[in-house]
Amino acid sequence: MKKITLILVLIGMITLQGCTIEENSGYDNDTFSKVFEVTRSFSPQNDFSSLITFNPPIFSSDVVLVYILWDVQNDGTPVWRLMPQTVQLFEGDLQYNYDFTRFDVNLFISSLDFDVAFIDPVWTQNQTFRIVLVPASFGGKMDYTNYENVMQKLKLSEKDVKSIK
């Protein structure tokens, strides 16, 4: 009886030897990192906001980061800043901000100092944003303020950026 048990244990150990589990830090089994680019204009007609819907919805544990195209260097390199971002104008502070749910992200501008309906269109028209979906498995593991580092950590590149109209 001991010999049969020993043989079965050895066979079981040999067959389980080939089982491996691969770990992929680019996703959390269900959610993949994604990045979208949108260009939006803000006006009184849209209440100085723009709603972008997720299809399909993201998981409630995932995070949405939004970056605004702040500048373009002489060599054409874009400069992305994590929102919220505040611009100090003569009239007062203008803030680019966002909020999100599982179903959408809302981009908006606001000011406590003045009516945004009266500022120069350079601040309200054709603003470009990058929306980055971050799976929950990355929570707290990176510096979110640096767009390039976030993209690298999520294993995303410029070819992964999807444009949304």
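None of the values given here were measured: they were computed from a predicted structure. (Residues numbered from 1 in each chain as written. Predicted model: local features only at pLDDT ≥ 70, side-chain atom pairs only at ≥ 80, totals over all residues. Heavy atoms only, no water.)

## Quick look at the packing of aromatic side chains
Applied cut-off: Between rings of Phe, Tyr and Trp, where Trp is taken as its six-membered ring, a pair exists when centres lie within 6.5 Å; planes separated by under 30 degrees are stacked, by over 60 edge-to-face, and by other angles tilted. Helix numbers and strand numbers start at the N terminus; a helix is a DSSP run of H or I with at least 4 residues, a strand a run of E with at least 2. Any residue under 20% of the maximum accessible area for its type is buried, any over 50% is exposed, and the rest in between are partly exposed; the area is computed with a 1.4 Å probe on protein chains only.
Under the criterion given, the structure shown has four aromatic pairs. Seen from their ring centres, Phe 42 and Phe 129 are 6.0 Å apart, and the 80° between their planes marks the pair as edge-to-face. One end of the pair, Phe 42, is in the loop between β1 (34-40) and β2 (49-53); the other, Phe 129, is in strand β8 (residues 127-134), with 87 residues separating them in the sequence. Under the relative-accessibility criterion, Phe 42 is labelled buried at 2%. Overall, Phe 129 belongs to the buried group, its relative accessible area being 1%. Note on Tyr 67 and Tyr 147: the rings are 5.1 Å apart at their centroids and 70° apart in plane angle, and the pair reads as edge-to-face. With Tyr 67 in strand β3 (residues 63-72) and Tyr 147 in helix α2 (residues 147-153), the pair connects residues that are 80 residues apart, well separated along the chain. Comparing Tyr 67 with Tyr 147, the two get one shared label, buried. Put simply, the rings of Tyr 67, Trp 80 and Tyr 147 pair up and form one aromatic cluster.

## Overview of the sheet that holds strand β7 (residues 104-110)
Our working definition: When DSSP locates at least two bridges between a pair of strands, those strands are taken to pair. Orientation is described by lines fitted to C-alpha atoms, with helices fitted over the stretch in contact, and by angles between N-to-C directions that extend from 0 to 180 degrees.
Overall, antiparallel pairing links the four strands, which are arranged β2-β7-β6-β5 in an open sheet. Strands at the two margins of the open sheet, each flanked by one partner only, are β2 and β5 (85-89). Pairwise comparison of adjacent strand axes, ignoring direction, gives a mean angle of 10° for this sheet. As paired elements, strand β6 (residues 92-100) and β7 share six bridges and run antiparallel to each other. Pairing of Tyr 98 across the sheet is with Leu 107, part of β7.

## Details of the nonpolar core
Threshold: We define the nonpolar core as a collection of buried residues of types Ala, Val, Leu, Ile, Met, Phe, Trp, Tyr and Cys that are connected through side-chain atoms lying within 4.5 Å of one another.
Counting residues in each nonpolar core, the largest one holds 40 residues, and the members touching the most others are Val 66, Leu 94, Val 105, Leu 107, Ile 131 and Val 132. Broken down by secondary-structure element, the contributors of at least two residues to this core are β1, β3, β4 (78-82), β5, β6, β7, β8 and α2.

## Focus: the confidence of the model for the chain
Our working definition: As a per-residue quantity, pLDDT reports the predictor's confidence and falls between 0 and 100. Throughout, a residue-residue contact means that at least one pair of heavy atoms, one from each residue, lies within 4.5 Å.
On average, the chain scores 85 in pLDDT, and the residues at 70 or more come to 79%. Here helix α1 (residues 2-16) is the element of the chain with the lowest mean pLDDT, 54, and β7 is the one with the highest, 98. Counted against residues more than four places away or in other chains, residues 18-30, with its pLDDT under 50, gives 15 contacts.

## Let's talk about the pairing of β1
Note that β1 and β8 share seven bridges and pair antiparallel. Within the sheet, the bridge partner assigned to Val 38 lies in β8 and is Phe 129. Across four bridges, the pairing between β1 and strand β9 (residues 161-164) is parallel. Among the inter-strand pairings, Glu 37 is bridged to a residue of β9, identified as Ser 163.

## Considering the pairing of β6
Successive residues of a regular strand alternate their side chains across the two faces of the sheet. Here β5 pairs with β6 via five bridges, running antiparallel. In the strand pairing of β6, Gln 85 is matched with Tyr 96. Hairpin connection, β5 to β6: the antiparallel pair is bridged by two residues. Between β6 and β7, which pair antiparallel in sequence order, lie three residues.

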